[in-house]
Amino acid sequence: MRVTVRAVRDGDWDAVVALESAAYGAAGLSEGRAALESRAAASPATCFVMDHGSRTAGYLLALPYPMFAYPDLGRGEGIVFHSRNLHLHDLVVAEDLRGRGLGRALLRRLTTVAAAKGYGTVSLVAVGGSDTFWAANGFRPHREVAPPAGYGTDAVYMSMAVPDVRGGRTNPADAPSHQAPIKNEVG
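Residues numbered from 1 in each chain as written. Predicted model: local features only at pLDDT ≥ 70, side-chain atom pairs only at ≥ 80, totals over all residues. Heavy atoms only, no water.

For the rest of this paragraph, the subject is the overall build of the chain. Secondary structure summary: the chain contains 4 helices and 7 strands in total. Mapped in sequence order, the helices and strands of the chain form the string β-α-α-β-β-β-α-β-α-β-β. For the chain, the share of sequence-separated contacts (at least 6 apart) that also reach a separation of at least 24 residues comes to 73%. Carbon together with sulfur atoms contributes 52% to the accessible area of the chain, which is approximately 8300 Å² in total. (Helix = DSSP H or I, 4+ residues; strand = E, 2+ residues; numbered from the N terminus. Contact = heavy atoms within 4.5 Å. Areas by Shrake-Rupley, 256 points an atom, 1.4 Å probe, with all protein chains shown as cover.)

Take the packing of helix α1 (residues 13–24) against helix α2 (residues 33–42) next. Packing of α1 against α2 brings their axes to within 10 Å, and their N-to-C directions diverge by 115°. Here α2 runs roughly perpendicular to α1, going by the angle between their axes. For the element pair α1 and α2, the recorded crossing hand is right-handed. Contacts between α1 and α2 involve Trp13, Asp14, Val16, Val17 and Glu20 from the first element and Arg33, Leu36, Glu37 and Ala40 from the second. Each residue belonging to the contact of α1 with α2 can be placed in one class, and the counts come to 5 nonpolar, no polar and 4 charged. (Axes fitted to C-alpha atoms, helices over the stretch in contact; angles between N-to-C directions. Parallel < 35°, antiparallel > 145°, perpendicular 65-115°, else oblique. Left-handed = near helix turned anticlockwise from the far one by under 90°. Nonpolar A, V, L, I, M, F, W, Y, C, P; charged D, E, K, R; others polar.)

Taken as a whole and judged by the stated rule, the model has 6 aromatic pairs. A centroid spacing of 5.7 Å and a plane angle of 45° characterise the contact between Phe68 and Tyr157, whose relative ring orientation is tilted. Highlighted residues: Phe68 in the loop between β3 (55–64) and β4 (85–93) and Tyr157 in strand β7 (residues 156–161), separated in sequence by 89 residues. Note on Tyr157: relative accessible area 0%, which makes it buried. Here a set of aromatic residues connected by ring pairs shows up, and it is made of Phe68, Tyr70, Tyr151 and Tyr157. Directly above the aromatic system of Phe48 lies the positively charged group of Arg109, at a separation of 5.6 Å from the ring centroid. (Phe/Tyr/Trp six-rings, centres within 6.5 Å; stacked < 30°, edge-to-face > 60°. Buried < 20%, exposed > 50% of the residue type's maximum accessible area, 1.4 Å probe, protein only. Lys NZ or Arg CZ within 6 Å of the ring centre and 35° of its normal.)

Before going further, it helps to spend a moment on the confidence of the model for the chain. With 88% of its residues at a pLDDT of 70 or more, the chain has an overall mean of 89. A low-confidence stretch, residues 168–187 stays under pLDDT 50, and its non-local contacts, those more than four residues away or across chains, total 89 contacts. (pLDDT = per-residue confidence, 0-100.)

This is the structure:
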């Protein structure tokens, strides 16, 4: 079946909210539609939906954010930061489609766009044990940064340098995938 990654459109939000709720609701990390939409509005060029045939199979929301900072899960974005750091707030792939490289495909799109737009780093908060997935894809933990309890007790702040996709360097998003949950920080 054909898989495409494209910009988020207005008609995508019901599917995005359903994916987010399924991935994070049980852990108490679901944010709700208004917060998700506000994050995408802060940086539409770095937010994507993945279609698998006619089905929305996943999404990724990333926005400029200061290094070592992260969105407050209890509220939407009120300002747009001017930062060379791009915060990958959320990446979700439908549970029945995980383990097929779809999360890596979304990450690859993000790193390509991040490089083209001049971002130097990508950060995230790994939740639910997903730090192993992110580490396998080039992210390093920053244990000195403690996300608030709202992200869960096992939350890990991580970052990576934006890969130089023009110079022939290997993109860490091409690394082998692990079967860990694909959503970072509550995203």
